[in-house]
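Coordinates in review
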Amino acid sequence: MSLVQLFVPTEVAHDTVHELGLLGDVQFKDLNPSVNPFQRSFVGEIRRIDEMARRVRFFTTQIEKETDVVPVRPLYECPPLITVGPRAAQTIDELSHQLLDYESKLTKLNESYQTLSERTRELTEARHVLRETAVFFDKAQGQSSNIRSSFDDSATPLLTSQDDREGGFSGGNFDLEFVTGTIERSRVPTFERVLWRVLRGNLYMNHTDIAEPFVDPSTGSETRKNVFIIFAHGDVLLAKIRKVAESMGATIFPIDANADKRADALGEVQNRLEDLQTVLYNTGLSRRSELVKIGENLTVWQDVVKKEKLIYETLNLFNYDVRRKTLIAEAWVPTRDLTKIQLALRHATEESGTSVPPILHELQTSKTPPTFHRTNKFTEGFQAIMDSYGTSAYQEINPGLFAITTFPFLFAVMFGDIGHGAIIFLAALYMIIREKKLSKEDTGEIMGQFFFGRYIILMMGVFSIYTGFLYNDVFSKTLHIFHSGWTHSEGSNVLNNTGHVYPIGLDPSWHGASNELVFKNSYKMKMSIVIGVIHMTFALCLQVPNHFRFKRKSDLYTNFIPQIIFLESIFGYLVLCILYKWSVDWTKSSVAPPSLLNMLIGMFLEPGKVDPAKQLYPGQGFVQLVLLSLAGVCVPWLLISKPYLAWREMHKTTHQGYMTLGNGEDTGRHSTDDALEGEEEGNGRAIAEAAGEEHEEHDFGDVLIHQIIHTIEFCLGCISHTASYLRLWALSLAHAQLSEVLWNMTLEGKTNPKTAGGWIGLLLMGFMWFNCTVGILCLMEGLSAFLHALRLHWVEGNSKHFEGGGHAFTPLTFDTESSEL
């Protein structure tokens, strides 16, 4: 990485940042950290772009709310909008006015549509009220009223029966008035109880459901309503009814008691409703036509607004030189891409139509650059996995490079099956073949993650097929590719050794054997330990290039050497014993094969003592004693050596008469000749920032505490991390057993049908088996194996060498799809 300084004339600044954004190789620094964002040079342009972005978001929201899908043209099908060159400012002005016109038109149409919709809803409710009221009155008039003849006889009821009360709104000297309207259906029971208590039962109420729902045009929510009619006597009671109804959100309609007037009102409402519906339909068509026009250019507007906002936000990071009328910028760039950047600057000058090009000047600085890992579409997925753990320090060894091989291999150890590996391989291959088309489509969040990791899935499928050959497992069945080393005797279940050795993987004769599970358990458990120790040893060896690169050669013999000796003297020895035990023909040995777990435990409990009946090789006791002694020596070596070197260096400096100056005091001018020369060449800011950058320093106490923690963590971690690799054995065994159970429960005994029912059963069971294989074994089991492989890299692998503490290289780029307007 290189720190460069750019002198950009103001007339070409916009086009320069645009070209560098297309290149995506420049990370600009903020040269105005103390300036308020609202006081920077281009705050006016950013406000204008924000207003344009608000209008574009408004259009997007309106299109998404539309019931019928409005077609939005993809960006790659739209004609480009040129925002660079001499006409760039005019293009942005025209776009701003165009967005303003569309917004004003759409706002007016929305307001008109909203008003018409509310009026239509009111007339619809009035029509229902008139119809239901007429039905009620017609029913009441058809019934005979039987009102008591004497008002003096208190024993005579007001109405002779419950049915007669409905017809008692008029007759004789009675003059019962009524209130009609609509209310939300869920509030009707509450409305009835409140009225009963407020009026003390002096009312008669009837209500009917309205079948059709009312849709709010702004929110799209549906509301169910009822028509109600309430009879009461006296203006005071009627006023109370109206207040209660209005407080509960009811709409009251004045309905005349005369049947002819009600009929005339119903006809008038029906005519007005038809006219309103016609106008509303035409307004909706006009609004949709405007949205269709907007949808044709919406993606282009979004792209232009996003780019313009990024450009002006970047220009606000520059420092404006009033005397030279230029903008000064500092940025981190990859050293290999300096030539590309120079060509981009030249191209920006040609596009803008000016003759004054920007000037690029490389600065010398001791400031720590950002961490940049150059990736392509194949490696970016693996690098993203490692970057999720943390950002490595600048020029630290990159674990993402080795993860291209180790990650899919550890996954395949747990997922080894030729058939299942072929399924995920073909799925990844399909995404790779159609990647150009799929990259332009919105595949959603979940499918987008699968598409991003398509090359990871491809490698996992390839390695799973390979480990499937080693396990000789394809959908829980075996392949007889080579000659088996065992044959069945006639009339016996005992297998005879033919003298052949199966060249690759497991012999298919193990499948179905009575001791199959015992053998595979032992084999895969030992294999997991071997793979785990090799992986940890490799991760530990990655310390070496880091120590050489950061000039910490003392860490080689204070950290790396004692750590590697400790690890190999215990667990490396265990791996050698596993390999040696596999290589011995124990049928010809005079002793039984010893248990390696008991051997490792006895190595610590009884150093140097080995039972001859359980001895693995001659001289085993002495070798184990030497290895245990080496491991014991490495603990104090790892604990003491580094703090001792730090103490000796501090003691040496103190005896020479030097002491640390500063501590917040003014120590005078410390500028060197090189610094003064750099200031004369224009490097003053970079040199000042480099001088102001504080390098982390530790005293003796900090080093001692850190080394104690590091020693305890490493020694205990060697044991726990080695045991953690047993997950390779557990998940591999579980995957194989689950695959076998699925086959036995679906297709076992159904693969050779002889009748029509047998073929139908085969098709049904085959369909079920395939769905369960893809959904459970490939997706769910695959995700589980993926997460376990991820943990083995993050915890067991990276903890051996990863330092971190860097900050990622974040260049200005227009390719980020996640940036919002």
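Our structure is the block above this text.
First, a word on scope: everything that follows refers to the structure included in this document. (Residues numbered from 1 in each chain as written. Predicted model: local features only at pLDDT ≥ 70, side-chain atom pairs only at ≥ 80, totals over all residues. Heavy atoms only, no water.)

**Comments concerning the overall build of the protein chain**
What the protein chain contains, in helices and strands, is 24 helices and 15 strands. Expressed as a percentage of its 821 residues, the buried residues of the protein chain come to 41%. Considering only intrachain contacts with a sequence separation of at least 6, the fraction spanning at least 24 residues in the protein chain is 79%. For the protein chain, the computed accessible surface area is about 46000 Å², with 58% contributed by carbon and sulfur atoms. (Helix = DSSP H or I, 4+ residues; strand = E, 2+ residues; numbered from the N terminus. Buried < 20%, exposed > 50% of the residue type's maximum accessible area, 1.4 Å probe, protein only. Contact = heavy atoms within 4.5 Å. Areas by Shrake-Rupley, 256 points an atom, 1.4 Å probe, with all protein chains shown as cover.)

**Describing the side chain of E781**
Tracing the sequence through the fold places E781 in helix α24 (residues 756-797). Although E781 is buried, it makes no salt bridge; K524 carries the closest opposite charge, 11 Å away. When residues no more than four places from it in sequence are discounted, the contact partners of E781 are F415, H735, L738 and I776. (Lys, Arg positive; Asp, Glu negative; His and termini not counted. Salt bridge = Lys/Arg side-chain N within 4 Å of Asp/Glu carboxyl O.)

**Description of the environment of I385**
Counting through the fold element by element, I385 comes out in helix α9 (residues 380-389). Take I385: its relative accessible area is 11%, and that puts it in the buried class. Residues I385 and W794, spaced 409 residues apart in sequence, show a C-alpha to C-alpha distance of 9.1 Å. Among all residues touching I385, those that are not within four sequence positions of it are F407, I456, F786, L790 and W794.

**What to know about helix α8 (residues 338-352)**
One turn of the α-helix equals 3.6 residues, which is why residues spaced by three or four share an orientation. Counted at 1.5 Å a residue, the expected span for α8 with its 15 residues is 21 Å, and the 21 Å between its end C-alpha atoms agrees. Listed as buried for α8 are L338, I341, A344, L345, A348, T349 and S352. Down the axis of α8, the buried side of the element spans an arc of 140°, and every buried residue falls inside it. Exposed side of α8, more than 90 degrees from the buried face: T339, R346 and E350 are the residues found there. At its buried positions, α8 is contacted by β1 (2-9), α1 (13-23), β12 (326-333) and β13 (359-363). Of the residues trailing α8, G353 is marked for its positive phi of about 80°. (Expected span 1.5 Å × (residues − 1). Arc of directions from axis to C-beta.)

**So, a nonpolar patch on the surface**
On the surface, I446, M447, F450, L738, I776, L779 and M780 cluster together to form a nonpolar patch covering roughly 670 Å² of accessible area. When contributions to the nonpolar patch are tallied by element, the ones reaching two or more residues are α13 (445-452) and α24. Within the secondary structure, M447 is located in helix α13. (Patch = residues over 30% accessible without salt bridge, like charges linked within 9 Å, V, L, I, M, F, W, Y side chains within 5 Å.)

**Notes on the sheet that holds strand β5 (residues 177-184)**
Here four strands make up an open sheet; going across it, the order is β6-β9-β5-β10 and the pairing antiparallel. Unpaired on one side and paired on the other, β6 (204-209) and β10 (251-253) mark the two borders of the sheet. This sheet shows a mean twist of 25° between the axes of neighbouring strands, independent of strand direction. Along the sheet, helix α5 (residues 188-199) makes contact with β5, β6 and β9 (225-232), crossing β6 at roughly 175°. Packed onto the sheet, helix α6 (residues 235-247) meets β5, β9 and β10 and runs at close to 5° relative to β5. (Pairing = 2+ DSSP bridges. Axes fitted to C-alpha atoms, helices over the stretch in contact; angles between N-to-C directions.)

**Notes on the pairing of β12**
Counting buried residues along β12, eight of its eight residues qualify, which places the element largely inside the surrounding structure. Side chains T326, I328, E330 and W332 of β12 all project onto a buried face; the interleaved residues L327, A329, A331 and V333 project onto the opposite face, where all are buried too. Direction of pairing for β1 relative to β12: antiparallel, over a ladder of eight bridges. Within β12, the position partnered with P9 by the bridge is T326. Here strand β2 (residues 27-28) runs beside β12; their pairing, made up of two bridges, is antiparallel. Bridge pairing in β12 links F28 to A331. Counted along the chain from strand β11 (residues 319-321) to the antiparallel partner β12, the turn is four residues long, and its residue K325 has a positive phi close to 55°.

**Re the pattern of salt bridges**
The full count for this structure, using the stated rule, is 26 salt bridges. The salt bridge involving D555 is made with R552; its shortest N-O contact spans 3.2 Å. A residue is classified by how much of its surface remains accessible, and R552, at 23% relative accessible area, is partly exposed. Here the salt bridges share partners, and the residues they tie into one network are E51, R54, R55 and E103.

**Some details on the packing of aromatic side chains**
For the structure on display, the rule yields 28 aromatic pairs. Judged by centre distance (6.1 Å) and plane angle (40°), the rings of Y523 and W582 are tilted. Here Y523, found in helix α15 (residues 516-541), pairs with W582, found in helix α17 (residues 554-583); they are 59 residues apart in sequence, far enough to count as distant. Cluster of aromatic residues (ring-pair linked, three or more members): F58, F59, Y102 and W301. Note that K225 overlies the ring of F214, its terminal NZ or CZ placed 5.9 Å from the centroid. The ring centre of F451 lies 4.2 Å from the NZ or CZ of R454, which sits over that ring. (Phe/Tyr/Trp six-rings, centres within 6.5 Å; stacked < 30°, edge-to-face > 60°. Lys NZ or Arg CZ within 6 Å of the ring centre and 35° of its normal.)

**Quick look at unusual backbone geometry**
Glycine aside, negative phi is the norm for most residues, and most peptide bonds take the trans geometry. Phi is positive for Q395, close to 65°, though the residue is something other than glycine. Tracing the chain through its elements places Q395 in the loop between α9 and α10 (399-415). A relative accessible area of 36% means that Q395 is categorised as partly exposed. One non-glycine residue, F475, adopts positive backbone phi at about 55°. Counting through the fold element by element, F475 comes out in the loop between α14 (454-471) and β14 (486-488).

**Some remarks on the nonpolar core**
Formed by 67 residues in total, the largest nonpolar core has its most connected members in F407, F566 and L728. The dominant element in this core, judged by the number of residues it contributes, is α17, at 11 residues. Leave out the neighbours within four places in its chain, and F566 touches A631, C634, V635, F714, C715 and C718. Counting residues in each nonpolar core, the second largest holds 46 residues, with A13, F318, L338 and F814 among its members. (Core = buried A, V, L, I, M, F, W, Y, C linked by side-chain atoms within 4.5 Å.)

**Quick look at the packing of α17 against helix α22 (residues 700-724)**
Contact pair α17 / α22: the axes reach a minimum separation of 11 Å and the direction vectors enclose 30°. Taken together, the axes of α17 and α22 lie roughly parallel to each other. In the crossing of α17 with α22, the sense of the turn from one axis to the other is right-handed. Of the residues in α22, those touching α17 at T558, N559, Q563, F566, L567 and F571 are Q707, H710, F714, C715, C718, I719 and T722. Looking at the contact of α17 with α22, its residues break down into seven nonpolar, six polar and no charged. (Parallel < 35°, antiparallel > 145°, perpendicular 65-115°, else oblique. Left-handed = near helix turned anticlockwise from the far one by under 90°. Nonpolar A, V, L, I, M, F, W, Y, C, P; charged D, E, K, R; others polar.)

**Some thoughts on the environment of D25**
Of note, D25 is situated in the loop between α1 and β2. Judged by its relative accessible area of 10%, D25 falls in the buried class. As a C-alpha pair, D25 and P334 span 309 residues in sequence and 7.0 Å in three-dimensional space. Every residue in contact with D25, bar those within four places of it in the chain, is listed here: L20, W332, V333, P334, D337, I341, F809, P811 and L812.

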